[in-house]
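Tertiary structure, described
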Amino acid sequence: MEEAKLKKIRKNLGERIRTLRKAKGYSQEAFAYECDLHRTYMGDVERGERNISVDNIAKIAARLNISISELFSGIK
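Here the residue numbers are simple positions, counted from 1 along each chain's written sequence. Reporting in this predicted model follows two pLDDT cut-offs: at least 70 for local features of residues, and 80 or more for side-chain atom pairs to be given and counted; totals over whole chains, interfaces and linings ignore these cut-offs and use all residues. The side-chain values count all of the structure's non-hydrogen atoms but skip hydrogen atoms and water molecules.

Numbering of helices and strands runs from the N terminus, with a helix taken as a DSSP run of H or I at least four residues long and a strand as a DSSP run of E at least two residues long. If you tally the helices and strands in the chain, you get five helices and zero strands. Along its sequence from the N terminus, the chain presents helices and strands in the succession α-α-α-α-α. Scored against the burial criterion, the 76 residues of the chain give a buried share of 33%. Between two residues, a contact is recorded if the distance between any of their heavy atoms is within 4.5 Å. If you take every contact in the chain between residues at least 6 apart in sequence, the share linking residues at least 24 apart comes to 53%. Surface accessibility follows the Shrake-Rupley procedure with a 1.4 Å probe radius. Residue values consider only the protein chains on display as shielding. Summing over all exposed atoms, the chain offers an accessible surface of approximately 5000 Å²; the carbon and sulfur share of this is 48%. For this count, His and the chain ends are skipped, Lys and Arg are scored as positive, and Asp and Glu as negative. Charge positions are represented by NZ for Lys, CZ for Arg, CG for Asp and CD for Glu. Charge centroids of the chain, computed over 16 positive and 11 negative side chains, lie 4 Å from each other. Whether a residue is buried, partly exposed or exposed follows from its accessible area with a 1.4 Å probe, protein chains only, as a fraction of its type maximum: under 20%, in between, or over 50%, in that order.

Structural data, given as C-alpha cells:
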C-alpha cells in the first residue's frame, strides 16, 4: 500500500479517537493516563503521526468501552 494512503488511514483513525474521547468527556491528558499511555504519544496518535500498535489500539478501545471493530468503523 502506498505511503499516502497509510498516512490518510492514520489521520482518520486519530480523528476518530479524538472525537470519541471528547464525546466521553476526557481531556487528552486524562485519557492518555487512563490508557496507560504518555500524553504526547496520544497527541501524536490523534494527529495521525504515529503508527499505533495493536496493543495500544486495544487499550484505547477498551477505555472507550467499544470493540476494536467499532473503533475502526468508517475508517477508510
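The discussion continues.
Next up on the list: the packing of aromatic side chains. The criterion for an aromatic pair is that two Phe, Tyr or Trp rings (for Trp, the six-membered ring) have centres within 6.5 Å, with stacked assigned to planes under 30 degrees apart, edge-to-face to planes over 60 apart and tilted to the rest. Under the criterion given, the structure shown has one aromatic pair. When the centroid spacing of 5.2 Å and the interplanar angle of 55° are considered together, the rings of Tyr26 and Phe31 count as tilted. Overall, Tyr26 belongs to the partly exposed group, its relative accessible area being 23%.

Structurally, the α-helix is built with 3.6 residues per turn, so residues lying three or four positions apart point the same way. Three or more residues of helix H4 (residues 54-64) are buried, namely Asn56, Ile57, Ile60, Ala61 and Leu64. Taken down its axis, H4 places every buried residue within 135° of arc, on the same side. Within H4, the exposed residues directed more than 90 degrees away from the buried face are Asp55 and Ala62. Next to the buried residues of H4 lie helix H1 (3-23), helix H2 (28-34), helix H3 (39-46) and helix H5 (68-71). Once H4 finishes, Asn65 follows within two positions and takes phi at roughly 60°, a positive value. The arc under discussion is defined with respect to the helix axis, by the directions toward the C-beta atoms.

So, about the nonpolar core. By nonpolar core we mean a set of buried residues, namely Ala, Val, Leu, Ile, Met, Phe, Trp, Tyr and Cys, connected to one another through side-chain atoms within 4.5 Å. Counting residues in hydrophobic clusters, the biggest one holds 17 residues, and the most contacted among them are Ile17, Phe31, Met42, Ile52, Ile60 and Leu71. Residue contributions to this core peak at four residues, all from H4. Ignoring anything within four residues of it in the chain, the contact list for Leu71 reads Leu13, Arg16, Ile17, Leu20, Ile57, Ile60, Ala61, Leu64 and Ile66.

Below, the discussion takes up the packing of H1 against H3. Look at H1 against H3: their axes get within 7 Å of each other, and the N-to-C directions meet at 120°. By the angle between their directions, the pair H1 and H3 is classed as oblique. Each of Arg10, Gly14, Glu15, Ile17, Arg18 and Arg21 in H1 lies in contact with H3, whose residues at this interface are Met42, Val45 and Glu46. Gly falls in the polar group here, along with every residue not listed as nonpolar (Ala, Val, Leu, Ile, Met, Phe, Trp, Tyr, Cys, Pro) or charged (Asp, Glu, Lys, Arg). Residue classes in the contact of H1 with H3 are distributed as three nonpolar, one polar and five charged. Helix axes use the C-alpha atoms of the stretch in contact, all axes being lines fitted to C-alpha atoms, and the angles between their N-to-C directions lie in the range 0 to 180 degrees. Oblique is the label for any angle not covered by the other classes, which are roughly parallel (under 35 degrees), roughly antiparallel (over 145) and roughly perpendicular (65 to 115).

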